[in-house]
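# Analysis of the macromolecular model
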Amino acid sequence: MSTKLSVEHVYKVFGAHPKRALERIERGEGKDAIFAETGMTVGVSDASFEVQEGEIFVVMGLSGSGKSTLVRMLNRLIEPTAGAIRIDGRDITRMTRRELIELRRREISMVFQSFALMPHQTVLENTAFGLNVAGTSSSEREKRALDALDAVGLKANADSFPDELSGGMKQRVGLARALAVDPGILLMDEAFSALDPLIRTEMQDELLRLQAEQSRTVVFITHDLDEAMRVGDRIAIMEAGEVVQVGTPEEIVREPANDYVRSFFRGVDVTHVFTAADIARRDQITVIERVGVSLRAALSRLQEHDRPVAVVHDRERRYQGMVSVESLTERIDALGRREEGAIEEAFVPGVEPVAADRPLTEIMTQVAECPWPVPVVDEHGRYRGTISRATLLHTLNRTEASAA
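What you see as residue numbers is a count from 1 along each chain, following the sequence as written. Where local features are concerned, this predicted model is filtered to residues with pLDDT of at least 70; where side-chain atom pairs are given and counted, the filter is 80 or more; whole-chain, interface and lining totals use all residues. Side-chain metrics rest on all non-hydrogen atoms present in the structure, leaving aside hydrogens and water.

Here is the rule: UniProt positions are given in the numbering used here, feature names are shortened, and annotations may be inferred rather than shown by experiment.
As recorded by an unreviewed UniProt entry, the protein chain carries the name Quaternary amine transport ATP-binding protein and is attributed to Salinisphaera orenii MK-B5. Taken directly from UniProt, the Subcellular location (unreviewed entry) text for the protein chain runs: "Cell inner membrane". Quoted verbatim from the Sequence similarities (unreviewed entry) heading of the UniProt record, the comment on the protein chain is "Belongs to the ABC transporter superfamily."

Dropping the structure here:
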């Protein structure tokens, strides 16, 4: 993936003399000390990260951590005090007002927590608002607005007014309005926070469905861990205006950067976070299935390394099966002095591979009941490693110990 959005050492200081605050930051003073001495508030301090094209990048933190300030700097609704923000390589902090207006009309859309629908306009007119501002023709405006409403399941409500809609439907209109301009980047600031839990989950599902159908670059602001884990490809954790860690949910759960991050993820059920690929180990003995490979050679390899089983894959690493000392010995004895048999004749029965992207919660029973390590394969059937009962228990015990 290519980098769509790059944030480079961005600061935001609210107050009359922001440069003085920046000098204090460079001397190592904290935001509380700066506020006490100068009355200026450090909203964001030295934020740096990249967002890849097509990913949902979640920014989360407690109230006052700077996440909403940060997202509003990405389209310069709030002016950065220092630093660079690049979209497709262009630094938007150096854009003229005309260039910035064009960027907002064509490239970036934003969905707020408040629905911000105009009550005197129909759902269709609300959806087409951004296109109208951009000067899009009437026929094109209506077509694109109807397509956006269709995408969120509200085409039938095009002629309704906002007061005729439920809260979830209103937020869908807000999302449709953002999608209608076909933005390269979608900014969502606590977009689902005001909704009831059930409707909120439905909107998360809607976002994931839309993302699967037409991938966009999304920066999603939330204070809710469950929401972040559910929708985010990667998560940035903010504390006191600073980005303290960026990573996938799995990476952050496994290696939290500090106690603040650890406190967010304490009590997280890792079986819903980790996938089979996250804990699969590649230290299992392997045998490459090819012409000339013998049962005796495979048995010798296992005995040499003092291992009970080996994974068999082809030259392209596609998983074929598993052999054991016992299965190989039994097959060799059965053949006696006859011609050497094929390696697949000694495969251990009942060992089924699992998909790399399956969450642990779906494979725990299979791993627990299988006497051998369970092979993990990718979407093309290529071998990615194995999961043993010991590996699974170690993962669960380690995360429980970290939470404690």
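Here the narrative resumes.
## Structural notes on the packing of aromatic side chains
Both the distance between ring centres and the angle between the ring planes are used here to describe each pair of aromatic rings. As a reminder of what qualifies: We call Phe, Tyr and Trp rings a pair once their centres come within 6.5 Å, taking the six-membered ring for Trp, and we label the pair stacked below 30 degrees between planes, edge-to-face above 60, and tilted otherwise. To sort residues, take the accessible area from a 1.4 Å probe on protein chains only and compare it with the maximum for the residue type: under 20% means buried, over 50% means exposed, and anything in between is partly exposed. Geometrically, a lysine NZ or arginine CZ counts as sitting over a ring once it is within 6 Å of the ring centre and also within 35 degrees of the ring normal.
Scanning all chains against the criterion turns up two aromatic pairs. Consider the rings of Phe-49 and Phe-57, whose centres lie 4.9 Å apart with planes at 15°: the pair is stacked. Phe-57 shares its class with Phe-49; the two are buried. Its end group placed over the ring of Phe-14, Lys-12 keeps NZ or CZ at 5.2 Å from the ring centre.

## So, the sheet that holds strand S2 (residues 41-52)
The test is simple: Paired strands, as defined in this entry, are two strands with at least two bridges between them according to DSSP. Every helix listed is a DSSP run of H or I at least four residues long, and every strand listed is a run of E at least two residues long, numbered separately from the N terminus. By the convention used here, residues are in contact when the closest approach between their heavy atoms is within 4.5 Å. Orientation is described by axes fitted as lines to C-alpha atoms, over the contacting stretch for helices, and by angles from 0 to 180 degrees between their N-to-C directions.
Taking strand neighbours across the sheet as the criterion, the four strands line up as S2-S1-S4-S5 in an open arrangement whose pairing is antiparallel. Edge positions in the sheet fall to S2 and strand S5 (90-91), since each has one partner strand and no second. Across eight bridges, strand S1 (residues 3-14) lies against S2 in antiparallel orientation. Residue pairing in the sheet places Val-7 in a bridge with Phe-49 of S2. In this fold helix H1 (residues 18-26) packs onto S1, S2 and strand S4 (82-87), with an angle of close to 105° to the strand it touches most, S1.

## Considerations on the nonpolar core
In summary, soluble globular proteins display a tendency toward joint burial of nonpolar side chains. In plain terms, the rule: As used here, the term nonpolar core means buried Ala, Val, Leu, Ile, Met, Phe, Trp, Tyr and Cys residues forming a set that is joined through side-chain atoms within 4.5 Å.
Among the nonpolar cores identified, the biggest contains 70 residues, and Leu-175, Met-188, Phe-220, Ile-237, Phe-265 and Ile-387 are the most heavily contacted of them. Broken down by element, the residue count for this core peaks at six residues, all from helix H8 (residues 167-180). In contact with Ile-387, other than residues within four places in its own chain, are Ala-276, Ile-279, Ala-280, Ile-363, Val-367, Pro-373, Val-374, Val-376 and Leu-392. Counting residues in hydrophobic clusters, the runner-up holds 29 residues, among them Val-51, Met-95, Leu-100 and Leu-103.

## Some details on the sheet that holds strand S15 (residues 374-377)
Backbone hydrogen bonds are what pair the strands of a sheet, in a parallel or an antiparallel way. An order of S14-S15-S16 is seen for the three strands of this open sheet, with the pairing classed as mixed. What marks the edges here is a single partner per strand, and that holds for strand S14 (354-355) and strand S16 (383-387). Here S15 pairs with S16 via four bridges, running antiparallel. Bridged to Val-376 within S16 is Gly-385.

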